[in-house]
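An overview of the molecular structure
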Amino acid sequence: MLMDLADEGEYVDRSDLLEELASAFIRLADEVGVVEALEKVKNLGTQMDE
């Protein structure tokens, strides 16, 4: 949601973005476990470069 706003050129407060990212990570970690969640986050950078 916040990333969509940023893509559209809207101002995104960094603390709101950090809160959203932390919340998304916690949900992911609850689903797949912390180790796999960290691996997925680590791989995000390479996926965005493609």
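In what follows, the accompanying structure is described. (Residues numbered from 1 in each chain as written. Predicted model: local features only at pLDDT ≥ 70, side-chain atom pairs only at ≥ 80, totals over all residues. Heavy atoms only, no water.)

**Digging into the overall build of the protein chain**
Spelled out, the test is: A run of H or I in DSSP counts as a helix once it spans at least four residues, and a run of E counts as a strand once it spans at least two, with each numbered from the N terminus. Three exposure classes are used, based on accessible area relative to the maximum for each residue type with a 1.4 Å probe and protein chains only: buried under 20%, partly exposed in between, and exposed over 50%. To be clear on the numbers: accessible area is Shrake-Rupley with a 1.4 Å probe, and residue cover counts the displayed protein chains and nothing else.
Within the protein chain, the secondary structure is distributed over three helices and zero strands. Taken from the N to the C terminus, the helices and strands of the protein chain come in the order α-α-α. Scored against the burial criterion, the 50 residues of the protein chain give a buried share of 8%. Of the roughly 4,500 Å² that the protein chain leaves accessible, carbon and sulfur atoms contribute 56%.

**Here we look at the environment of Ala29**
Applicable threshold: Contacts are assigned to residue pairs with any non-hydrogen atoms lying within 4.5 Å of each other.
When you line up the elements, Ala29 lands in helix 2 (residues 14-32). By relative accessible area, Ala29 is classed as buried at 14%. Residues Ala29 and Lys40 lie 11 residues apart in sequence; the distance between their C-alpha atoms is 10.0 Å. Residues in contact with Ala29, not counting those within four places in the same chain, are Val34 and Ala37.

**Comments concerning the pattern of salt bridges**
For side chains of opposite charge, pairing can occur when their charged atoms come near one another. To be explicit about the condition: Think of a salt bridge as a Lys or Arg side-chain nitrogen and an Asp or Glu carboxyl oxygen that are within 4 Å of each other.
One pass over the structure, following the stated rule, counts two salt bridges. Between Lys42 and Glu39 there is a salt bridge, with its nearest N and O atoms 3.9 Å apart. Here Glu39 and Lys42 lie together in helix 3 (residues 34-49), a separation of three residues that amounts to about one turn. Glu39 gets classed as partly exposed once you look at its relative accessible area, which sits at 40%.

**Regarding helix 2**
The line we're drawing: Given the number of residues in a helix, its expected span is that number minus one, multiplied by 1.5 Å.
For helix 2, spanning 19 residues, the distance from its first C-alpha to its last is 27 Å, which sits close to the expected 27 Å at 1.5 Å a residue. A positive phi of about 95° marks Gly33, the residue just after helix 2.

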